[in-house]
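A closer look at the structure
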Amino acid sequence: MIRCVRIWTGDDGNSHFAEGVIDLPHGERGDLLSGTTDVVSISFRETQSGGTYAWHTAPTRQFVITLRGTLDFQTKAGAHFTIRPGDILIAEDTAGSGHSWRLVDDEPWCRAYVILAPGAEARLPFVPNAQ
């Protein structure tokens with residue numbers, strides 16, 4: 001399974017998150033395969049080790065795929081979650097109080113930003129963990 005964290009803005013204006021996985025039903029050749037999600041673009045970014053980013057919201061709805069680096073994310077309410085290489089963040093907190101992050105290992109944060117197309121929310125392959 002591919003670990004995934006979804007972060008969004010709640011009715012209270014604060015960022016909230018849920019941990020889960022990418023839905024991978026059975027595909028051809030015995031592979032596990034998600035459905036498709038409409039996207040607009042992909043770009044890549046690298047932040048040096050020790051990097052941080054103060055309170056901010058996501059600039060747009062996007063997948064953030066971590067290729068390298070381990071991060072601690074925090075919401076204004078004080079909740080934390082960790083993102084590691086191979087994890088996918090679905091960033092949907094485009095308004096409200098936002099979140100912050102800091103790198104917690106000696107690696108740079110290498111990631112891919114995949115911008116979601118308008119209306120893609122109906123087909124996001126996120127399955128939250130059982131509470």
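In case you missed it, the structure is sitting above this.
Because the structure is predicted, anything quoted here is derived from the model rather than measured. (Residues numbered from 1 in each chain as written. Predicted model: local features only at pLDDT ≥ 70, side-chain atom pairs only at ≥ 80, totals over all residues. Heavy atoms only, no water.)

Points about unusual backbone geometry
Comment: phi is negative for the bulk of residues other than glycine, and the bulk of peptide bonds are trans. Counted only if it meets this: Remark: exposure states derive from per-residue accessible area (1.4 Å probe, protein chains only) relative to the maximum for the residue type, with buried under 20%, exposed over 50%, and partly exposed in between.
A positive phi angle, near 60°, is found at Arg 29, a position not held by glycine. Arg 29 gets classed as exposed once you look at its relative accessible area, which sits at 69%.

Some details on the pattern of salt bridges
Two side chains that carry opposite charge are able to pair once their charged atoms sit near each other. Quick reminder of the rule: Put simply, a salt bridge is a Lys or Arg side-chain nitrogen that is within 4 Å of an Asp or Glu carboxyl oxygen. Going along the chain from the N terminus, every DSSP run of H or I of four or more residues is numbered as a helix, and every run of E of two or more is numbered as a strand.
A full pass over the atoms with the stated rule returns eight salt bridges. Linking Glu 92 and Arg 6 is a salt bridge whose minimum nitrogen-to-oxygen distance equals 2.4 Å. Highlighted residues: Glu 92 in strand β8 (residues 88-92) and Arg 6 in strand β1 (residues 3-9), separated in sequence by 86 residues. You can call Glu 92 buried: its relative accessible area is 12%. Linked by salt bridges that have partners in common, Arg 3, Glu 19 and Asp 87 make up one network.

Things to note about the pairing of strand β7 (residues 80-83)
Applied cut-off: By definition, two strands form a pair when at least two bridges between them are found by DSSP.
Judged by which residues are buried, β7 turns out to be one-sided: Phe 81 and Ile 83 face inward and are buried, whereas His 80 and Thr 82, on the alternate face, are not. Inspection of the sheet shows strand β6 (residues 71-75) paired to β7 by four bridges, in the antiparallel sense. Looking at β7, one finds that Phe 73 is bridged to Phe 81. Joining the antiparallel neighbours β6 and β7 is a turn of four residues, in which Gly 78 adopts a positive phi near 95°.

Considerations on the sheet that holds strand β10 (residues 109-116)
Selection criterion: Between the N-to-C directions of two axes lies an angle of 0 to 180 degrees, each axis being a line fitted to C-alpha atoms and, for a helix, fitted only over the stretch in contact.
Strand order across the open sheet formed by seven strands is β3-β10-β5-β8-β1-β2-β11, with mixed pairing between neighbours. Two strands bound the open sheet, and with one partner strand each, they are β3 (39-47) and β11 (126-128). The mean inter-strand angle of the sheet, taken between neighbouring strand axes irrespective of direction, is 30°. Direction of pairing for β3 relative to β10: antiparallel, over a ladder of eight bridges. Within β10, the position partnered with Ser 41 by the bridge is Ile 115.

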